[in-house]
Amino acid sequence: MTRLSDFPITARWPAAHPERIQLYSLNTPNGVKVSIMLEETGLPYEPHLVDIMQDESHTAEFLALNPNGKIPAIIDPHGPGGAPLALFESGAILLYLADKSGRFIPTDPTRRWETIQWVFFQMASIGPMFGQVGFFNKFAGKAYEDKRPLKRYVDESRRLLGVLDDRLEDRRWLMGDDYTIADIATLGWVDNLITFYEARELVDFDRFANVAGWLERGLARPAVQRGLKIPSRG
């Protein structure tokens with residue numbers, strides 16, 4: 001029987017509470033999806049800070065858990081059949097935690113798949129495009145003389161905000177009255193775009209009133225407020 005201590009990552013980030021879900025992450029837009037979900041569900045967990053700025057996600061111990069070297073990742077000591085389960089990729093983790101907790105994903109098959117498609121919309125479009133805006137607007141790409149890449153990603157991010165805005169017309173959440181993993185997957189990215197990436201004016205965010213209202217509702221949730229800070233470098 002596999003034990004939690006059999007995973008190499010626990011040698012570098014020891015578990016003080018091995019009976020809890022172990023979260024290896026940082027409070028980036030991808031990382032906070034899982035911390036928000038764990039806070040929302042109330043599932044017991046123990047967060048471990050993986051400092052990507054110090055390249056800790058590319059250590060041998062972390063790569064043994066996620067060979068792609070990206071946060072977040074988890075180990076659930078009580079996975080299917082009672083055996084530990086290790087997972088990476090934030091979308092997969094959200095789906096797993098939704099099924100484990102029985103929360104934030106519809107039980108009706110049609111609505112379940114509709115929710116999953118919006119999770120994948122975030123994974124495939126929102127995250128990559130908003131991240132490129134951050135790179136070219138705030139980080140190393142800011143120094144590039146050629147501003148065409150920035151314009152390309154700003155234009156696409158503005159278009160994606162329009163898709164969200166249309167979806168949220170007459171809807172409180174992406175799935176209507178039901179707050180789901182589709183919202184949890186997306187909130188941190190939209191918040192990060194207009195705060196940390198400093199792109200609010202660049203993408204004309206204030207013209208997307210439905211998105212702005214949705215973001216305000218999401219950020220008002222206590223679990224979201226907590227999850228956005230876990231785990232933090234301080």
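Residues numbered from 1 in each chain as written. Predicted model: local features only at pLDDT ≥ 70, side-chain atom pairs only at ≥ 80, totals over all residues. Heavy atoms only, no water.

Chemist: Honestly, the sheet that holds strand β1 (residues 21–25) in this entry has me stumped. Any pointers?
Modeler: Backbone hydrogen bonds hold the strands of a sheet together, and the pairing may be parallel or antiparallel. Ordered by their spatial adjacency, four strands build an open sheet running β2-β1-β3-β4, and the pairing between neighbours is mixed. Here the strands that pair on one side only, and so sit at the sheet edges, are β2 (45–49) and β4 (85–88). Each neighbouring strand pair of the sheet contributes to a mean axis angle of 15°, computed without reference to strand direction. Along the sheet, helix α2 (residues 31–41) contacts β1, β2 and β3 (73–76); its crossing angle with β1, the most-contacted strand, is approximately 150°. Strand contacts of helix α4 (residues 90–101): β1, β3 and β4, with the helix running at about 135° to β4, the strand carrying the most contacts. (Pairing = 2+ DSSP bridges. Helix = DSSP H or I, 4+ residues; strand = E, 2+ residues; numbered from the N terminus. Axes fitted to C-alpha atoms, helices over the stretch in contact; angles between N-to-C directions. Contact = heavy atoms within 4.5 Å.)

Chemist: What should I look at first to understand the pairing of β3 in this one?
Modeler: On a regular strand, one side chain projects to one face of the sheet and the next to the other, so that they alternate. Taking every second residue as pointing to the same face, both faces of β3 are buried, with A73 and I75 on one and I74 and D76 on the other. Pairing between β1 and β3: three bridges, direction antiparallel. Along β3, the bridge assignment pairs Y24 with A73. Pairing between β3 and β4: four bridges, direction antiparallel. Opposite D76, over in β4, you have L85 as the bridge partner. (Buried < 20%, exposed > 50% of the residue type's maximum accessible area, 1.4 Å probe, protein only.)

Chemist: Would you explain the layout of surface pockets in this entry?
Modeler: Empty space among the atoms becomes apparent when a probe as large as a water molecule is rolled across them. In this structure, the largest pocket encloses a volume near 1100 Å³. The wall of the largest pocket is formed by 33 residues, among which T28, P29, I52, W189 and Y197 lie closest to the centre. At the level of secondary structure, the elements contributing two or more residues to the lining of the largest pocket comprise α5 (109–137) and α7 (181–194). Examining the composition of the lining of the largest pocket, we find that eight residues originate from one element, α5, more than from any other. Here the lining of the largest pocket is built from residues that sort into 13 nonpolar, 15 polar and five charged. (1 Å grid on protein atoms, 1.4 Å probe; cavity = no way out; pocket = protein on both sides within 12 Å on 5 of 7 lines; lining within 4 Å. Points joined across faces, edges and corners; volume = space filled by probe spheres on them. Nonpolar A, V, L, I, M, F, W, Y, C, P; charged D, E, K, R; others polar.)

Chemist: Looking at this model, I keep getting lost on the nonpolar core. Mind explaining?
Modeler: What tends to happen in soluble globular proteins is that the nonpolar side chains get buried as a cluster. The biggest cluster of nonpolar side chains holds 57 residues, and the ones touching the most others in it are I74, L97, I181, L193, V211 and W214. Elements with a minimum of two residues in this core: β1, α2, α4, α5, α6 (148–167), α7 and α8 (209–219). In contact with L97, not counting residues within four places along its chain, are I21, V34, M37, L38, L43 and I74. Counting 12 residues, the second largest nonpolar core, distinct from the first, contains F7, Y24, L26 and I75. (Core = buried A, V, L, I, M, F, W, Y, C linked by side-chain atoms within 4.5 Å.)

Chemist: Could you clarify how one ought to interpret α4 in this entry?
Modeler: Along an α-helix, residues three or four positions apart point the same way, because every turn accommodates 3.6 residues. The end-to-end C-alpha distance of α4 is 16 Å, a good match for the 16 Å that 12 residues give at a rise of 1.5 Å each. Within the sequence span of α4, burial applies to S90, G91, I93, L94, L95, Y96, L97 and A98. Buried-residue contacts for α4 involve β1, α2, β3, β4, α5 and α7. Looking one or two places after α4, you find G102, whose phi comes out positive at around 70°. (Expected span 1.5 Å × (residues − 1).)

Chemist: Even after reading the chapter, I still don't get unusual backbone geometry, so can you show me in this structure?
Modeler: Among all residues except glycine, the phi angle is most often negative; among peptide bonds, the trans geometry is most common. Omega for the bond connecting I71 with P72 falls within 30 degrees of zero, at 0°, which places this linkage in the cis form. The residue P72 is located in the loop between α3 (60–65) and β3 in this model. Of note, E198 is a non-glycine position whose phi angle comes to about 55°, a positive value. Assignment of secondary structure puts E198 in the loop between α7 and α8. We classify E198 as exposed; its relative accessible area is 52%.

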